[in-house]
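# Structural overview
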Amino acid sequence: MGRCNIVWSSVLLPRRWKAYQISTTYTVKSGDTCYAISQSRGISLSDFQSWNPGINCNNLQIGQPSGSSPSSNYNGKIFREYIGALYNGVKFTDVPINTGVTFHFILAFAIDYTSSASPTNGLFNIYWQNSVLTPAAVQAIKSQYSNVKVMVSLGGETISSQPVQFRATSVNSWVSNAVSSLTSLISQYHLDGIDIDYEHFDSVSNDTFVSCIGQLLQQLKSSGVISVAFIAPFDGVQTQYKAYTSASQFVSYYNTAAATYGGEAKVLASFSTGRVGPAPSTALSAIQQLKSNGKLPGIFIFSADGSSAASSFHCLW
């Protein structure tokens, strides 16, 4: 395993943070949902429900106390890394995990295509190396590390050397199929959320894509199937995400993207490993600059497979 090139220091905060995890309580208010409470405390819905076995999320009672911890938002920092796309046997346990940040593994990929590259209108199939990254492996890594969540990425670049196009026969049919197939897959693999990574859109309109993805996220979240979701933009979908040749250019592109989204959105600095794209050292230099200026909420890497193939996990946060 490689060493971490980025070292974050953190302090323990009084009451909420200890060298161990402690329990706190929260009193339910009008309009609260289990999902909203779990998100406000930086925990997954599944963890919230496991710590509150007597709570009925369909009938929360105002004034009812609920446990919301072990509590920790891991310093507000996020590390995300794709895994399983290259079929080179990389395991969760091969990746060094910093326990001081929220750590997301992203299984790559689930795709609504057959293996012969025919679209299936929202019926998702597994295309990560699930012989290694099994349901038991997901459970084990989450049990070992309380800061680890495991997600699945939808879409991706190609299947059978053909571009993965986003295609929907209709919004309603795509959403219905996607909710059904993903609910089953997420339950089977004990997953916490989804990553949206469609990269090709053929003739599908923006409105159709937005409607499909928006309704998918809303239904999966409201039913408690997922507790987290995010989007992986790329050059051509979000023009801020471009190929860079220097650390200063990386920082400039990052600042443009961060300013565009603004507010409370977390824009993560990302790069590729395993001899894909510019040398990781260039991105790491830029990330150090962003960190020094207090502008780095997180890091996003493609992929653990590439890092393993290059015999170096370049950045662990």
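In short, a report on the structure. These numbers come from a predicted model, not from an experiment.

To continue, consider helix H6 (residues 247-261). Along its 15 residues, H6 runs 21 Å from first to last C-alpha, staying within 8% of the 21 Å computed at 1.5 Å per residue. All of the buried residues along H6 are Ala247, Phe250, Val251, Tyr254 and Ala257. When H6 is viewed along its axis, its buried side chains cluster within an angular range of 130 degrees and face the same direction. Summarising the geometry of H6, the exposed residues directed more than 90 degrees from the buried face are Ser248 and Ala259.

Across all of its chains, the model carries 3 salt bridges by this definition. The salt bridge involving Lys91 is made with Asp94; its shortest N-O contact spans 3.5 Å. Given a relative accessible area of 38%, Lys91 falls into the partly exposed group.

This next bit is on the side chain of Ser153. Its place among the elements puts Ser153 in strand S6 (residues 148-156). Judged by its relative accessible area of 0%, Ser153 is buried. For Ser153, the side chain forms a polar contact with the side chain of Asp195, separated by 2.6 Å.

All chains considered together, the criterion is met by 15 aromatic pairs. Summarising the aromatic geometry, the rings of Phe230 and Phe300 are spaced 6.3 Å apart at their centres and angled 85 degrees between planes, so their arrangement reads as edge-to-face. One end of the pair, Phe230, is in strand S10 (residues 228-231); the other, Phe300, is in strand S12 (residues 298-302), with 70 residues separating them in the sequence. A single burial state applies to Phe230 and to Phe300, both of which are buried. Three or more aromatic residues joined by ring pairs make a cluster, and in this case those are Phe124, Phe166, Trp174, Tyr198, Phe201 and Phe209. Lying over the aromatic face of Phe230, Arg80 brings its terminal NZ or CZ to 3.6 Å of the ring centre.

Let's shift gears to the pairing of strand S11 (residues 269-272). The side-chain alternation of S11 yields one buried face, formed by Ala269 and Phe271, and one unburied face, formed by Ser270 and Ser272. Here 4 bridges tie S11 to S12, and the two strands are oriented parallel to one another. Across the sheet, residue Ser272 finds its bridge partner in S12, namely Phe302.

What follows is about the environment of Ser246. With respect to the helices and strands, the residue Ser246 is situated in the loop between S10 and H6. When its relative accessible area of 26% is taken as the criterion, Ser246 is described as partly exposed. As a C-alpha pair, Ser246 and Thr282 span 36 residues in sequence and 6.1 Å in three-dimensional space. A polar atom in the side chain of Ser246 sits 3.2 Å from the backbone nitrogen of Gln249.

All right, on to the packing of helix H4 (residues 171-189) against helix H5 (residues 206-222) then. The interhelical angle for the contact between H4 and H5, taken along N-to-C directions, is 40 degrees, at an axis separation of 9 Å. Seen along the crossing, H4 lies across H5 with a hand that is right-handed. Seen from H4, the contacting residues are Val171, Asn172, Trp174, Val175, Ala178, Val179, Leu182 and Thr183; seen from H5, they are Thr208, Ser211, Cys212, Ile213, Gln215, Leu216, Gln219 and Leu220. A per-class count over the contact of H4 with H5 returns 10 nonpolar, 6 polar and no charged.

The next subject is unusual backbone geometry. Of note, the amide linkage connecting Ala108 to Phe109 takes the cis form, showing an omega dihedral of 10 degrees. Turning to its location among the elements, Phe109 is positioned in strand S4 (residues 102-111). Backbone geometry at Ser160 places phi at a positive 50 degrees, although glycine is not the residue there. With respect to the helices and strands, Ser160 occurs in the loop between strand S7 (158-159) and strand S8 (162-163).

Reading the values: rules and limits
Residues numbered from 1 in each chain as written. Predicted model: local features only at pLDDT ≥ 70, side-chain atom pairs only at ≥ 80, totals over all residues. Heavy atoms only, no water. Helix = DSSP H or I, 4+ residues; strand = E, 2+ residues; numbered from the N terminus. Expected span 1.5 Å × (residues − 1). Buried < 20%, exposed > 50% of the residue type's maximum accessible area, 1.4 Å probe, protein only. Arc of directions from axis to C-beta. Salt bridge = Lys/Arg side-chain N within 4 Å of Asp/Glu carboxyl O. Polar contact = N/O pair within 3.5 Å; in protein donor to acceptor, adjacent residues only side chain to side chain. Phe/Tyr/Trp six-rings, centres within 6.5 Å; stacked < 30°, edge-to-face > 60°. Lys NZ or Arg CZ within 6 Å of the ring centre and 35° of its normal. Pairing = 2+ DSSP bridges. Axes fitted to C-alpha atoms, helices over the stretch in contact; angles between N-to-C directions. Left-handed = near helix turned anticlockwise from the far one by under 90°. Contact = heavy atoms within 4.5 Å. Nonpolar A, V, L, I, M, F, W, Y, C, P; charged D, E, K, R; others polar.

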